[in-house]
Amino acid sequence: EESTECKEACTEEASISESEKLKAEYEEKLAKMAEENKTYLDHLQRLAAEFDNYKKRTTKEKERLYQDAVCDTVSKLLPVVDNFERALAAIDTADEKSFREGVIMVAKQLDSVLANIGVEKIQALGCKFDPNVHNAVMHTQDDNVEENTIVEELQSGYKYKDQVIRHSMVKVAN
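Calculation criteria
- Along each chain, residues carry numbers from 1 onward, in the same order as the chain's sequence is written.
- For this predicted model, a pLDDT threshold of at least 70 governs which residues receive local features, and a threshold of 80 or more governs which side-chain atom pairs are given and counted, while totals over whole chains, interfaces and linings are taken from all residues.
- As a convention, hydrogens and water are excluded, and side-chain values are obtained from all of the structure's heavy atoms.
- Runs of H or I in DSSP of at least four residues are treated as helices and runs of E of at least two as strands, each being numbered from the N terminus.
- Partly exposed residues are those whose accessible area sits between 20% and 50% of the maximum for their type, while under 20% is buried and over 50% is exposed, using a 1.4 Å probe and protein chains only.
- Should any heavy atoms of two residues lie within 4.5 Å, those residues are counted as being in contact.
- Every accessible area reported is derived by Shrake-Rupley at a probe size of 1.4 Å, with residue values counting cover from the shown protein chains alone.
- Positive residues here are Lys and Arg, negative ones are Asp and Glu, while His and the chain termini are left out of the count.
- Where a charge sits is defined by one atom per residue type, namely NZ (Lys), CZ (Arg), CG (Asp) or CD (Glu).
- Should a side-chain nitrogen of Lys or Arg be within 4 Å of a carboxyl oxygen of Asp or Glu, the pair is scored as a salt bridge.
- What makes two strands pair is DSSP finding at least two bridges between them.
- For helices, the fitted axis covers only the stretch in contact; all axes are lines through C-alpha atoms, and the angles between them, taken along N-to-C directions, range from 0 to 180 degrees.
- A residue counts toward a patch only above 30% relative accessible area and without a salt bridge, and it is joined to like-charged neighbours within 9 Å or, for Val, Leu, Ile, Met, Phe, Trp and Tyr, to nonpolar neighbours within 5 Å.

Some thoughts on the overall build of the protein chain
Assigned secondary structure in the protein chain consists of two helices and six strands. Helices (α) and strands (β) of the protein chain occur, in sequence order from the N terminus, as α-α-β-β-β-β-β-β. Principal-axis analysis of the C-alpha atoms gives the protein chain an extent of 135 × 45 × 20 Å. For the protein chain, the proportion of its 174 residues judged to be buried stands at 11%. Look at the contacts in the protein chain between residues 6 or more apart in sequence, and 59% of them connect residues 24 or more apart. Surface exposure of the protein chain reaches about 14,400 Å², of which carbon and sulfur atoms provide 53%. Put simply, the protein chain has 24 plus and 36 minus side-chain charges, and the middle of one group is 8 Å from the middle of the other.

Shown next as structure tokens:
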């Protein structure tokens, strides 16, 4: 009997030590995985913070580029504004012909400034109507011109590269 009891006690001890061994292994694996999780979470938080900083930085850069573009464009237009102010101040002292010539010169200067910054006037008068760049606000019957030909430009249109800034308002022959 004693030897059976001894065997049972030994087996029980072996079973307990084996289960403690397994428990220790699982706890070790759990600790390792918790540490790995902590590392991944830290990395994720750093990436999220970096991305947030990137978004803020690019937003500021876009705002700065837009501000620089506006300032550059306005600085090119200011001489034209100055000449218009001079022309308006000279209305009372100038004769009609010199005033007219002055305004024509200012208009040419403005066209030149627009061309230098890449803005083009859209050709309309005598051209075929194109809904991509023209806005037909009136139609007329005219047998002297072909159908869908622009016979009058009511307001000039402008484009920058391939982008229409403002469509030309036109009268089209039917």
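Observations concerning the pattern of salt bridges
This structure, assessed with the given rule, holds six salt bridges. The salt bridge involving Arg-46 is made with Asp-42; its shortest N-O contact spans 3.1 Å. A residue pair is termed a helical-turn pair when its members lie 3 or 4 positions apart in one helix, as Arg-46 and Asp-42 do in helix α1 (residues 2-89) at four residues. The shortest N-O distance in the salt bridge between Lys-128 and Glu-146 comes to 3.2 Å. Placement of Lys-128 in the loop between β1 (119-121) and β2 (134-140) and of Glu-146 in the loop between β2 and β3 (150-155) is noted, with a sequence separation of 18 residues between them.

A look at the environment of Val-103
By the secondary structure assignment, Val-103 is in helix α2 (residues 96-116). Taking relative accessible area as the criterion, Val-103 reaches 29% and is therefore assigned partly exposed. Placed 36 residues apart in sequence, Val-103 and Gln-67 show a C-alpha to C-alpha distance of 30 Å.

So, the sheet that holds β1
Spatial ordering of the open sheet is given by β1-β4-β5, a layout of three strands whose pairing is antiparallel. In the strand order of this sheet, the two ends are held by β1 and β5 (163-166), each with one partner. If you compare each strand with its neighbour and ignore which way they point, the axes differ by 35 degrees on average. In this structure, strand β4 (residues 158-160) lies alongside β5, joined through three bridges in antiparallel fashion.

Some details on a nonpolar patch on the surface
On the surface, Tyr-66, Val-70, Val-74, Leu-78 and Val-81 cluster together into a nonpolar patch covering about 450 Å² of accessible area. Position of Val-70 relative to the elements: it lies in helix α1. Residue Val-70 is classed as partly exposed on the basis of its relative accessible area, which comes to 35%.

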